[in-house]
Amino acid sequence: MPRAYNSVTLQTLHYLIRPHTELPTGPVSGPAAWRGDELAVREDWLDQLNDDDVAELEAALAFAKGTRKPLAELSLRDFPLPGLQTKLRHWRRAVHEGSGVQVVRGLPVDRWSQADAELVFWALGQHLGTPGAQNQREELLGHVKDQGVSYDAPDVRGYQTSAALNYHCDAADAVGLLCLKTAKCGGQSRFVSSVSVWNRLWEEHPGYALRLFETFHFDTRGDGGLDFFPIEPCRYSNGKLRTFYHGDYFRTAEQHPGAPPLSLKDRELLDAYDAIANEPGMYLEYDFAPGDIQLLSNHTVLHARTDYEDHPEADNKRHLLRLWLSFDDDRPRPHRSQLTQGARLLGALAGGRARKQAKRSWSQLKAKLPQRGR
């Protein structure tokens, strides 16, 4: 049976092969260029589910469970949501074309089992875009919770710990988080416009801003069978700035044999970028409540988290579900340089263990790209 989700390789290629036709010559404008203190006084990025919405979700949940299909085989037809289509289109448009931020409140996770919450979240992802695997093991829903491991270990990801997470993007067009349980204290979610951060960097250090269109090296933390791969953090085309940023992993890539060391100027650039992102007024801090969904664009928004102290009881520990989404490709066909970059990433992401799958993913991605000039 065909899969209703993308492989991690196809999803990552789709996300990272961003069109680039020119360098910006000044600050970038648009709905994604917001400040946190401006967003805080608006309510267009917040939506509350009503009783009818919840009733439709629960009816669709019962229908999907009646199919007896595993989560990975469920499709849109298995989770019908006709009454929610207007809201779903609005949420998708806000993330994909607007501010890049959408919070949805009111899923009754307190009366659902974890399995039911997972199914509903996955199905909402099907209606919003195309969900994707989050690692080579084809994990479809990430579990963001403290697993009692140290972030200092080379193969540990931050979401598996209670440590603070610095600003970063995930390898998909959008990331969704559904809160099941909150921490005893801490664990606030923060997000900032990467467009606004770049604009400030341009105003204060234009040379640094343009350096972000050149290659950095990204530490994979052991995922995919390779240690690091090269990537340009920023790409710009048709007035739209798309950013893939992970300052921590740009810094740690140099620890691997064969990776070039960061120059002093590059360290200063990353420090300046992080300082702007962490400046009060630039970012918005949000307190999750159980039943909240946070949807963020990984092209125009960076997200972070404060550290937290958890409840001692295992059943009460902080727990979020994570979903990665790809959107239909409405970007112009990449130029030859982006296709060359894709071939380079293909070799990196294959990691020597999944080359056949990676080549198939690359063929699928090229087939999806629109023809130049359309």
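Residues numbered from 1 in each chain as written. Predicted model: local features only at pLDDT ≥ 70, side-chain atom pairs only at ≥ 80, totals over all residues. Heavy atoms only, no water.

**Student:** It is not clear to me how helix α9 (residues 264-277) should be interpreted in this structure. Could you clarify?
**Tutor:** For the α-helix, the turn length of 3.6 residues means that residues three or four positions removed from each other point alike. Between its first and last C-alpha atoms α9 spans 20 Å; for 14 residues at 1.5 Å apiece the expected length is 20 Å, and the two agree. Looking only at α9, the buried set comprises Asp266, Leu269, Leu270, Ala272, Tyr273, Asp274, Ile276 and Ala277. (Helix = DSSP H or I, 4+ residues; strand = E, 2+ residues; numbered from the N terminus. Expected span 1.5 Å × (residues − 1). Buried < 20%, exposed > 50% of the residue type's maximum accessible area, 1.4 Å probe, protein only.)

**Student:** Explanation requested: the packing of aromatic side chains in the structure shown.
**Tutor:** Geometry of an aromatic ring pair is reported as the spacing of the ring centres plus the angle between the planes. Considering all chains together, one arrives at 15 aromatic pairs under this definition. Pairing Tyr5 with Trp122 gives two aromatic rings, centres 6.2 Å apart and planes at 70°, and the pair type is edge-to-face. Here Tyr5 is found in the segment before α1 (8-16), whereas its partner Trp122 is found in helix α5 (residues 114-128), with 117 residues between them in sequence. Here Phe218 and Phe229 contribute two aromatic rings whose centre-to-centre distance is 5.4 Å and whose plane-to-plane angle is 50°, an arrangement assigned as tilted. Placement of Phe218 in strand β9 (residues 216-219) and of Phe229 in strand β10 (residues 228-231) is noted, with a sequence separation of 11 residues between them. As far as burial versus exposure is concerned, Phe218 and Phe229 are alike and both buried. Through pairs of rings, three or more aromatic residues link up here, namely Tyr15, Phe216, Phe218, Phe229, Phe244, Tyr245, Tyr249, Phe250 and Tyr273. (Phe/Tyr/Trp six-rings, centres within 6.5 Å; stacked < 30°, edge-to-face > 60°.)

**Student:** Even after reading the chapter, I still don't get the environment of Pro261, so can you show me in this structure?
**Tutor:** Tracing the sequence through the fold places Pro261 in the loop between α8 (247-252) and α9. For the pair Pro261 and Arg251, spaced 10 residues apart in sequence, the C-alpha to C-alpha distance is 8.8 Å.

**Student:** Teacher, can you tell me more about the packing of helix α4 (residues 85-96) against α5 here?
**Tutor:** Geometry of a packed helix pair, given as the angle between the helix axes and the separation of the axes. Between α4 and α5, the shortest axis-to-axis distance is 9 Å and the interhelical angle comes to 75°. It follows from the interaxial angle that α4 and α5 lie roughly perpendicular. Contacts between α4 and α5 involve Gln85, Leu88, Trp91 and Arg92 from the former and Leu124, His127 and Leu128 from the latter. Taken together, the residues of the contact of α4 with α5 sort by class into four nonpolar, two polar and one charged. (Axes fitted to C-alpha atoms, helices over the stretch in contact; angles between N-to-C directions. Parallel < 35°, antiparallel > 145°, perpendicular 65-115°, else oblique. Contact = heavy atoms within 4.5 Å. Nonpolar A, V, L, I, M, F, W, Y, C, P; charged D, E, K, R; others polar.)

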